[in-house]
Every structure is written in structure tokens, then in C-alpha cells.
Amino acid sequence: MKNIYFTAGPAELYPRFEEFVKQAVDEQIGSISHRSGQFRKIYQHCVENLRVLMNIPETSGIFFTGSASEVWERILLNMVEHESFHLVNGSFSDKFYKYAGSLNKFAHKQEKPIGEGFSYAEVEVPEYAELICTTQNETSTGVQMREADIHKLKRSNQKRFVAVDMVSSAPIPELDLDLIDTAFFSVQKAFGLPAGLGVWIANEKCLDKSKKLAKQDGTHIGAHHTLPALWKNYETFETPATPNVMGIYLLGKVAEDMNKTGIDTIRKETDEKARKIYKYLETSSLCSIAVTNPEHRSRTVIVANTNKPSKVIIEALKEKNMILGSGYGPNKDSQIRISNFPSNTPEQVDNLLKELKKLE
Ligand SMILES: *Cc1c(COP(=O)(O)O)cnc(C)c1O
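Computed from a predicted structure; not experimentally measured.

### Overview of the sheet that holds strand S14 (residues 335-339)
Here is step 1: Within the open sheet, the five strands sit side by side as S1-S13-S14-S12-S11. Their pairing is mixed. A strand with exactly one partner marks an edge of an open sheet, and here the two such strands are strand S1 (4-6) and strand S11 (287-289). Shown here is a sheet whose adjacent strand axes are inclined to one another by a mean of 35°, direction ignored.
Here is step 2: Sheet topology note: the S11/strand S12 (residues 301-306) ladder contains three bridges and is antiparallel. By the bridge assignment for S12, Ser288 is matched with Asn305.

See below:
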């Protein structure tokens, strides 16, 4: 019997994954040149479908990297001369912050205790911060920053860049990418694909800044995957280095398939499943909702405090071929994490809740 993965990433694969892989094998994708017309069509197909799915403006570039954490470094190198500012409320947002320090940027942070999130009104941006880094969905704590708050943050900071880590939620958030300068994700979370591909979306203002920094004495924008190099190649649907062609092909197929369903339908279904899971947790004697403020509760990675060691619940569900995530870091033994991605069907969620009830 196959396992059903409710893990936050790598996660349950997209239902048509196997079919798409077979098509890739039939088309001999693994052997084609990344300078060929065949590859350029694959890149273009992927980009066009992502544009529709996530409403990405034509003027923004869409680039492929090795992973999402690579994009943390790219953004900091290409868009920050001196100072960045980070909203930190868990392990991933903290790592983004720490990357900035490692790159010798002057990194500021505003920090929240585990399980709490940010609303626009409480954010205090330091005077000289050039870039504000937000994590739409903090995977380690199950806390989200609502789209409206992120939008307000940008509107009130027009002269600064806003970067959004939407790694474990894209394409679910309805982020206004006309407004937000740059955002990124990887494919092993809500897109239900094997890991090994990061996607970076950036507007022309980001490109201008990186070009300006590149010309300046004493500032380095790096050697690998600089924004000007990625952008120049993207103009002909190519990449500076040999990319993960298979990953790009599969992402294009999944995005196309999601477009057939329609993003509104996918978002509605995600909300509906999240509502059911939270409703169950509200009355469960086994576990409870970890994020107190309903506005900050993630739609795609749901975290619960457990009344017995999380291991006990995780092991019991494993017997039923359902794989849950443990808590992250210090909460490993006291929390479980349940992914609610498009690949986790309503039926799978119902079955999971049934099994959790049996353990009460
Ligand atoms: C998983 C994750 C990352 C890192 O993605 P990689 O593909 O492992 O580089 C970054 N941010 C968040 C919020 C994540 O969930």
C-alpha cells in the first residue's frame, strides 16, 4: 500500500506526476541540449503557465535556480548594498536573516515568539533598510502573513524592495506581483514535485538595482546566477548554467494542469480543507491548534500541539500509511505538522481526520 504524505516538503506528489514523468521520458527530455529550441519551448511553456496561475506580470522575469534557499542569497547579493530587514518568526525566516549576515550585509530583524505572526501595523522598518524580507508561510511554525498585510507593507515602503518567501504556500496566496518586487518558491512543497528546483520571480526594478550594484566598487553581486545573467538568458528562454530540465518540464505540466482546474477552485478547496482540519483541532482531545491568532494560521502547513509525544501519533498514523511531519526544531516532540497542499485531496484529509479521531 502506498503512503499518503502530509509532510511539508518533500510532500505528496501531484496526482498526475507519473503520467507527466512518462511523457518526459518519451520525449527524451533528459538528453536534450539546454541551448536547443526544444528546451526553450519547455522554459516558455512553464513560464506562460506560471504567469496565468499566479498572475505574474509580463514585465517580471521568471528564473530557475537550484532551490529556494539559493534565492535568499541571490536576492541579498543582487538587491542589497548595505542593509536588509527581516521579519523573523521561525526557522526559515531566521535562516534568510542569517544569510544576510554571512554575506556581510547589515541585517536587521524584528522577531516574534514561535507560533506568532506579523500584522502590518506592528512592523517597524529601520530607516536605512533597502529590502524588507517577509515569509508568507513560515513552514516551521505554521504561521502565515496575510497577503493584505504584505501589500500594505509595500505600499507604505515604495522606495524599498519587498521580497516574499512563498516557498511552502505558492501558488495559494493571492499575492499582487504587480506590487511586490520579488518572490520565490521551490517545487517540492505545494506543487507536489520532487525537490531540486527553485523559482525566482523579480521585476525590472530588481534588475536595475543589481546592475547598479555590479558597477559599484566594493560591491559584489556574486558569480553564480547573478540577476543580470539570469535575465539576459531568460529573454531567449535559456539559463546561464545547465538547468534542471526535467524539473522545469514537470512544473510546466503541473502549472498547466492547475490552470485547467483554475486557481480559484484550488484556493477554495485549500481553504475548505484547512477549515476542516482546524475545526477538528478545536475540539480534539489529542491535539490543539498551535497558532492562537486565527488570522495568522497557515492555510497550507497546519501545526498542532500534541497532548502526548508527537512520535506516538506519528507512529500510529504510519501504520495506516499516513505520513505526518513532526514539530520543527525545539517542538519536535510536542507538535505535529500537517500539509494541506493541492496534492492532498479532500478525501485524504477526511481519512486523516478519521484516523486522528480514532486515536483520541
Ligand atoms: C522549504 C523552505 C525553504 C527552503 O527551500 P529549499 O528548496 O530547501 O531551498 C525556504 N523557505 C521556506 C518557508 C520553506 O518552507
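There's more to say after this.
### Quick notes on empty space enclosed by the protein
Here is step 1: On inspection of all chains with the given rule, the structure shows one cavity of 30 Å³ or more.
Here is step 2: The calculated volume of the largest cavity comes to roughly 30 Å³.
Here is step 3: Around the largest cavity, the lining residues are Leu87, Asn89, Phe118, Thr135 and Met145.
Here is step 4: Of the residues belonging to the lining of the largest cavity, the class tally is three nonpolar, two polar and no charged.

### Things to note about the pattern of salt bridges
Here is step 1: This structure, assessed with the given rule, holds 19 salt bridges.
Here is step 2: Between Glu73 and Arg74 there is a salt bridge; the shortest N-O distance is 3.8 Å.
Here is step 3: Here Arg74 falls in the buried class, since its relative accessible area comes to 7%.
Here is step 4: Overlapping salt bridges, with partners in common, bring together Arg16, Glu19 and Asp257 in one network.

### Details of the side chain of Lys105
Here is step 1: By secondary structure assignment, the location of Lys105 is in the loop between helix H4 (91-102) and strand S4 (106-111).
Here is step 2: Among buried Asp, Glu, Lys and Arg side chains, Lys105 stands out as unpaired, with Glu130 the closest opposite charge at 7.2 Å.
Here is step 3: Each residue touching Lys105, except ones within four places of it in the same chain, is listed here: Leu76, Val80, Glu81, His82 and Ala100.

### Here we look at the sheet that holds S4
Here is step 1: Read from one edge of the open sheet, seven strands run S2-S10-S9-S8-S5-S3-S4, paired in mixed fashion. Of all strands in the sheet, those bounded by a partner on one side alone are strand S2 (61-65) and S4. Each neighbouring strand pair of the sheet contributes to a mean axis angle of 20°, computed without reference to strand direction.
Here is step 2: Across six bridges, the pairing between strand S3 (residues 83-88) and S4 is parallel.

Rules used in this analysis
- Residues numbered from 1 in each chain as written.
- Predicted model: local features only at pLDDT ≥ 70, side-chain atom pairs only at ≥ 80, totals over all residues.
- Heavy atoms only, no water.
- Pairing = 2+ DSSP bridges.
- Helix = DSSP H or I, 4+ residues; strand = E, 2+ residues; numbered from the N terminus.
- Axes fitted to C-alpha atoms, helices over the stretch in contact; angles between N-to-C directions.
- 1 Å grid on protein atoms, 1.4 Å probe; cavity = no way out; pocket = protein on both sides within 12 Å on 5 of 7 lines; lining within 4 Å.
- Points joined across faces, edges and corners; volume = space filled by probe spheres on them.
- Nonpolar A, V, L, I, M, F, W, Y, C, P; charged D, E, K, R; others polar.
- Salt bridge = Lys/Arg side-chain N within 4 Å of Asp/Glu carboxyl O.
- Buried < 20%, exposed > 50% of the residue type's maximum accessible area, 1.4 Å probe, protein only.
- Lys, Arg positive; Asp, Glu negative; His and termini not counted.
- Contact = heavy atoms within 4.5 Å.

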